[in-house]
Amino acid sequence: MATAQPVIELAGITKRFGGTAALDGVDLAVHPGSVHALVGENGAGKSTLGKIAAGVYEPDVGRIVVEGRPVGRWDTVRAQRRGIVMMAQELSLVRDLTVAQNVFLGIERSSFGLLRRDHGRRFAELDEIARFGLDPDTRVGDLRIADQQKVEILRALARDAKVIVMDEPTSSLTAHETRRLHEMIRLLTAQGRAVVYVSHFLDAVLEVSDTVTVMRDGRRIRTAPAADQTKASLVEAMLGRELAVSFPPLPPAPHPDTPPLLEVEALAGDNGVKRASFTVRPGEIVGLLGLVGSGRTESPAP
Ligand SMILES: Nc1ncnc2c1ncn2[C@@H]1O[C@H](COP(=O)(O)OP(=O)(O)OP(=O)(O)O)[C@@H](O)[C@H]1O
Ligand SMILES: [Mg+2]
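Where an unreviewed UniProt entry is consulted, the protein chain appears under the name ATP-binding cassette domain-containing protein, with the organism given as Streptomyces malaysiensis subsp. samsunensis.

What exactly am I supposed to notice about the overall build of the protein chain here?
Regarding its fold elements, the protein chain presents nine helices and twelve strands. In terms of overall dimensions, the protein chain has a C-alpha envelope of 70 × 45 × 40 Å along the principal axes. Sorting the 302 residues of the protein chain into buried and exposed places 43% on the buried side. Counting only contacts in the protein chain whose residues sit at least 6 apart along the sequence, the fraction spanning at least 24 positions is 62%. Just so you have it, the protein chain exposes about 16500 Å², and 52% of that area is on carbon and sulfur atoms. One way to put it: in the protein chain the 37 positive side-chain charges average out to a point 6 Å from where the 38 negative ones average out.

Just to check I follow, could you spell out the side chain of E168 for this structure?
With respect to the element layout, E168 can be found in the loop between β7 (163–167) and α6 (175–190). Buried E168, no salt bridge; nearest opposite-charge side chain is K46, N-O distance 5.2 Å. At 3.3 Å, the side chain of E168 and the side chain of H200 are in polar contact.

Could you clarify how one ought to interpret the domain arrangement of the protein chain in this entry?
Many authors give the size of an interface as the accessible area that is lost as the parts come together. Entries for the protein chain in the domain assignment read domain 1 (8–245) and domain 2 (251–302). Placing the centre of domain 1 and that of domain 2 at their C-alpha centroids yields a distance of 36 Å.

How should the pattern of salt bridges be read in this particular structure?
Pairing is possible between side chains of opposite charge, provided their charged atoms come close. Per the counting criterion, the structure on display carries twelve salt bridges. Ionic pairing is found between R122 and E125, a salt bridge with its closest N-O pair at 3.4 Å. In this pair, R122 and E125 both sit in helix α4 (residues 119–130), three residues apart, roughly one turn of the helix. Between K231 and D203 there is a salt bridge whose closest N-O contact spans 3.2 Å. In this pair, K231 sits in helix α8 (residues 231–239) while D203 sits in helix α7 (residues 202–208), placing the two residues 28 residues apart along the sequence. Overlapping salt bridges bring together D96, R139 and D142 as one network.

Would you explain the layout of surface pockets in this entry?
By rolling a water-sized probe across the atoms, one finds the places where empty space is left. Approximately 580 Å³ is the volume found for the largest pocket. Looking at the largest pocket, it is lined by 23 residues, and the ones nearest its centre are T170, S171, L173, T178 and F201. The set of elements that each furnish at least two residues to the lining of the largest pocket consists of α6 and α7. In terms of residue class, the lining of the largest pocket is made up of nine nonpolar, eight polar and six charged. Each of domain 1 (8–245) and domain 2 (251–302) gives at least three residues to the lining of the largest pocket.

What is the right way to look at the packing of α4 against helix α5 (residues 145–158) in this model?
Interhelical geometry of α4 versus α5 gives an angle of 110 degrees and a closest axis separation of 10 Å. Judged by the inter-axis angle, α4 sits roughly perpendicular to α5. When the axes of α4 and α5 are compared, the crossing they make is right-handed. Mapping the contact onto sequence places R122, F123, L126, I129 and A130 in α4 and L154, L157 and A158 in α5. Taken together, the residues that form the contact of α4 with α5 break down as seven nonpolar, no polar and one charged.

How should I be thinking about the sheet that holds strand β1 (residues 8–17) in this particular structure?
Each strand in a sheet pairs with its neighbour through backbone hydrogen bonds, running either in the same direction (parallel) or in the opposite one (antiparallel). Within the open sheet, the four strands sit side by side as β2-β1-β4-β5. Their pairing is antiparallel. The outermost strands of the open sheet, each flanked by one partner alone, are β2 (20–30) and β5 (69–70). Bridge analysis of β1 against β2 gives seven bridges, and the strand direction is antiparallel. Looking at the pairing, R16 lines up with A21 of β2.

Hey, could you run me through unusual backbone geometry in this one?
Leave glycine aside and you will find that most residues have negative phi; peptide bonds, for their part, are mostly trans. Phi is positive for D160, which is not a glycine, with a value near 55 degrees. Relative to the helices and strands, D160 resides in the loop between α5 and β7. Located in the positive-phi region is R275, a residue other than glycine, with phi close to 45 degrees. Exposure remark for R275: the relative accessible area of 67% places this residue in the exposed category.

Thresholds applied
Residues numbered from 1 in each chain as written. Chains lettered and ligands numbered in written order. Predicted model: local features only at pLDDT ≥ 70, side-chain atom pairs only at ≥ 80, totals over all residues. Heavy atoms only, no water. Helix = DSSP H or I, 4+ residues; strand = E, 2+ residues; numbered from the N terminus. Buried < 20%, exposed > 50% of the residue type's maximum accessible area, 1.4 Å probe, protein only. Contact = heavy atoms within 4.5 Å. Areas by Shrake-Rupley, 256 points an atom, 1.4 Å probe, with all protein chains shown as cover. Lys, Arg positive; Asp, Glu negative; His and termini not counted. Charge placed at Lys NZ, Arg CZ, Asp CG, Glu CD. Salt bridge = Lys/Arg side-chain N within 4 Å of Asp/Glu carboxyl O. Polar contact = N/O pair within 3.5 Å; in protein donor to acceptor, adjacent residues only side chain to side chain. Domains from an automatic or database assignment. 1 Å grid on protein atoms, 1.4 Å probe; cavity = no way out; pocket = protein on both sides within 12 Å on 5 of 7 lines; lining within 4 Å. Points joined across faces, edges and corners; volume = space filled by probe spheres on them. Nonpolar A, V, L, I, M, F, W, Y, C, P; charged D, E, K, R; others polar. Axes fitted to C-alpha atoms, helices over the stretch in contact; angles between N-to-C directions. Parallel < 35°, antiparallel > 145°, perpendicular 65-115°, else oblique. Left-handed = near helix turned anticlockwise from the far one by under 90°. Pairing = 2+ DSSP bridges.

Structure, rendered in structure tokens:
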């Protein structure tokens, strides 16, 4: 359960990139043992806020307080020392190193005097906590994305993270892998750690988070318990207008006998597309769905 003192508190954070105000006077308090989701449209400022928490950027204006103590200079090294780490939107592992090497990268000679030969024992300890069952000697580049994320989580645990910022962690995951990630998140929060969960997937947000902050145009619109929110209430806050205005009713679907405007049959190419067929009828919206690398964005071979 969330306790009274936030593990990290951001107050009045403003951050500009040239002429863009990425964040404008944003407040955020994250409590131990809880999942705090950040939602908002593209460019709302979610990643920037996460990066400021994790020391990737310093705010132009505003205060950062960790466990009741204001921080002075703030960067990723200082943030890690205070237990704040981030899993980036683009995973940041070294593909040619092993799982264990990635987990301990940069903390080989930490204040614990951790030496290479201790890695095996330390890895086993971490694995006991996380129960991922990853082989420490596998090359990270040979792992699936979901397993690479487990390595990122182990990296955070190895740094004894109190707050893990996860930026779009499920964007390349299947539904099953997302459920597994959520189980891991529950495990982390049961240990008193906090997770800042940035996502466009509102069902996942409502399922996993305790608190949701909605952002729009660099401002915090609302922070409320997830239990009091619905998908519709979140979307309305994200867009700043009612759903009916944003998504007018669809026109009736075209009759199946309507001749197609576009017919694609058994399209193939050396870009990985194999025998793709579909038709597009007038008035139709056709969705192309698939994981990263499945070929949904590939153009036909010339
Ligand atoms: N390094 C940067 N340099 C310049 N502008 C930036 C930089 N990072 C973010 N911005 C701008 O700041 C604003 C907020 O961006 P941010 O990445 O925080 O949004 P976001 O909510 O994470 O969006 P998305 O959902 O697309 O990931 C956007 O207008 C973006 O273009
Ligand atoms: Mg982002």
